[in-house]
There are 2 protein chains.
Amino acid sequence: MSNLQKQAEEMIRRRGERVTSSRVQILAMLLAEQRAVTHHEIEERLRNTHRLDRVTLYRVLEWLNDKCFVHKVVSDDRAWRFRANTHIYPHQHAHFECMRCTTVICLDEMKVEYDRPLPAGYRSQEIELTVKGLCAECT
Amino acid sequence: MSNLQKQAEEMIRRRGERVTSSRVQILAMLLAEQRAVTHHEIEERLRNTHRLDRVTLYRVLEWLNDKCFVHKVVSDDRAWRFRANTHIYPHQHAHFECMRCTTVICLDEMKVEYDRPLPAGYRSQEIELTVKGLCAECT
DNA sequence: GCTGAATTGCAACAAAGTTGCATCTACTAT
DNA sequence: ATAGTAGATGCAACTTTGTTGCAATTCAGC
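How each quantity is defined
For every chain, the first residue of the written sequence is number 1, and numbering continues from 1 onward in sequence order. The naming scheme follows written order: chains are lettered A onward, ligands numbered 1 onward. Reporting in this predicted model follows two pLDDT cut-offs: at least 70 for local features of residues, and 80 or more for side-chain atom pairs to be given and counted; totals over whole chains, interfaces and linings ignore these cut-offs and use all residues. Excluded from the side-chain calculations are hydrogens and water; all other atoms, namely the structure's heavy atoms, are used. In this text, helices come from DSSP runs of H or I with a minimum length of four residues, and strands from runs of E with a minimum of two, each type numbered from the N-terminal end. In what follows, residue pairs with any heavy atoms lying within 4.5 Å of each other are defined as contacts. Throughout, the Shrake-Rupley method with a 1.4 Å probe supplies accessible areas, and for residues the shown protein chains are the sole cover considered. Here, nonpolar core refers to any group of buried Ala, Val, Leu, Ile, Met, Phe, Trp, Tyr and Cys residues whose side-chain atoms link them within 4.5 Å. When a residue's accessible area, from a 1.4 Å probe over protein chains only, is under 20% of the maximum for its type it is buried; when over 50% it is exposed; and in between it is partly exposed. If a single non-hydrogen atom of a residue is within 4 Å of a molecule or strand, that residue counts as near it. Two N or O atoms count as a polar contact when they lie within 3.5 Å, although within protein this holds only if one can serve as hydrogen donor and the other as acceptor, and sequence-adjacent residues are included solely when both atoms are side-chain atoms. When residue character is reported, Ala, Val, Leu, Ile, Met, Phe, Trp, Tyr, Cys and Pro are called nonpolar, Asp, Glu, Lys and Arg charged, and the others, Gly included, polar. Should a side-chain nitrogen of Lys or Arg be within 4 Å of a carboxyl oxygen of Asp or Glu, the pair is scored as a salt bridge. Note on geometry: axes are C-alpha line fits, over the in-contact stretch for helices, and angles between N-to-C directions span 0 to 180 degrees. Roughly parallel means an angle under 35 degrees; roughly antiparallel means over 145; roughly perpendicular covers 65 to 115; every other angle is labelled oblique.

Colleague: Would you mind going over the overall build of chain A with me for this structure?
Modeller: Within chain A one finds 4 helices and 7 strands. Taken from the N to the C terminus, the helices and strands of chain A come in the order α-α-β-α-α-β-β-β-β-β-β. Across chain A, the fraction of contacts at a sequence separation of at least 24, relative to all contacts at a separation of at least 6, is 48%. Roughly 7,700 Å² of accessible area belongs to chain A as shown, and the carbon and sulfur atoms make up 46% of that amount.

Colleague: What exactly am I supposed to notice about the nonpolar core here?
Modeller: Taken as a class, soluble globular proteins show a tendency for nonpolar side chains to be buried jointly. Grouped together as the largest cluster of nonpolar side chains are 24 residues, with contacts concentrated most on F96, L107 and V131 of chain A together with F96, L107 and V131 of chain B. Going through the elements one at a time, β4 (92-98) and β7 (123-134) of chain A together with β4 (92-98) and β7 (123-134) of chain B are the ones with two or more residues in this core. If we skip the residues at most four places from it in the chain, V131 of chain A touches H95, F96, E97 and L107 of chain A together with L118, S124, E126 and I127 of chain B. With 23 residues, the next largest nonpolar core counts A8, M11, I42 and L57 of chain A among its residues.

Colleague: How do you make sense of the protein's contact with DNA strand C when you look at a structure like this?
Modeller: Taken together, 22 residues lie around DNA strand C, and R18, T20, R23, T56 and R59 of chain B are the ones closest in. In the interface set of DNA strand C, defined as its atoms within 4 Å of the protein, sugar plus phosphate atoms amount to 64%. V19 of chain A places a main-chain nitrogen or oxygen 2.7 Å from a phosphate oxygen of DNA strand C. Sorting the residues of the surface near DNA strand C by element identifies α4 (54-66) of chain A together with α2 (21-32) and α4 (54-66) of chain B as the ones contributing at least two each. In terms of residue class, the surface near DNA strand C is built from 7 nonpolar, 4 polar and 11 charged.

Colleague: So what exactly am I meant to see when it comes to the protein's contact with DNA strand D here?
Modeller: Surveying the vicinity of DNA strand D reveals 22 residues, the closest of which are R23, T56 and R59 of chain A together with R18 and V19 of chain B. Looking at DNA strand D alone, sugar and phosphate atoms form 64% of those within 4 Å of the protein. At 2.6 Å from a phosphate oxygen of DNA strand D is found a side-chain nitrogen or oxygen belonging to T56 of chain A. The contact in question runs from a base oxygen of DNA strand D to an N or O atom on the side chain of R18 of chain B, over 2.4 Å. Among the secondary structure elements, those contributing two or more residues to the surface near DNA strand D are α2 (21-32) and α4 of chain A together with α4 of chain B.

Colleague: Looking at this structure, how should I read the pattern of salt bridges?
Modeller: In a structure, side chains of opposite charge can pair up when their charged atoms sit close to one another. Residues and elements named next belong to chain A. This model, assessed by the stated rule, comprises 18 salt bridges over all chains. Taking the shortest distance from any N to any O, the salt bridge between R35 and E33 comes out at 2.9 Å. By relative accessible area, R35 is classed as partly exposed at 22%. Since its relative accessible area comes to 13%, E33 is described here as buried. Here the salt bridges share partners, and the residues they tie into one network are E33, R35, E41 and R45.

Colleague: Help me out: how do you make sense of the packing of α2 of chain A against helix α3 (residues 39-46) of chain A in this one?
Modeller: For any two helices packed against each other, one specifies the crossing angle of their axes together with the interaxial distance. All names here are of chain A. The N-to-C vectors of α2 and α3 enclose an angle of 110°; their axes lie 11 Å apart at closest approach. The angle between α2 and α3 places the two elements in the roughly perpendicular class. Residue-level inspection shows Q25, I26, M29 and L30 of α2 in contact with α3, the latter providing I42, R45 and L46. Per-class residue counts for the contact of α2 with α3 are 5 nonpolar, 1 polar and 1 charged.

In short, the description is geometric, and any link to function would need to be established separately.
Printed below as a string of structure tokens:
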């Protein structure tokens, strides 16, 4: 069992949640990646090492998201992407999305600011900034 | 024929594009709304007044977007929303999305700023800011 | 009105995600 | 160590959102 798998298992156990092999495999894989990946990519990646139903993957990802082990990112291709939360994310966070290869990276250190108030009666709970352009490899 | 329908027709004709009843109806409807609406909402709305195939609606919306009569917005429910462009939008624009009723409004006047550079080799072409929270009606 | 290219409708398809239910498994109490 | 049980998984079927191919129709210029 790899280091990351041990780490993933430990993360889940320490929160008093049920440890299952799917959860460990998926979380370990997301910890290994330093970016937001799609359901499809995860499925491909785990196909050889771990037998896993499509539906279970959806459910595990949803669960990991609910428990704040990972977070979701929407993008233009209408598919969710998931990324492991290695530390507590601030309420505001930013992403970069490459318009060619559609890779999404998190720009964690970026501070988001806006200079005008919302319309009357509106309350902000979360701010998401997406910078779109070309990544280093696609430039 | 309503005022907005005349206006929609005029907008299309003045650009030298082909005027069809679907385009006029859809653009007029989007001009009437002051917000980003889904394909589904448009379909419902036009059902009674105008016979219209689902596919045609998708194609007209895509066309209106290509010709810059409207613009697209992604949101968490994985469905595109469309909003009429009443003026030329700046390269950076912001949206507010209600986490309860999922309505999206454009915060056109909002200026987006970020305080750190992108990773080396990355080029930004567009910035999208989404503020999430509760709208006036859902508060 | 006629013509050709653009637009539309229909049917079939595809991707991403969801639901219901029977089976299996991780944890708890003994 | 074992059994019981709540919770997790697998499977099949379904839904939503959007796309593609092609034949029929319509718009705009003559």
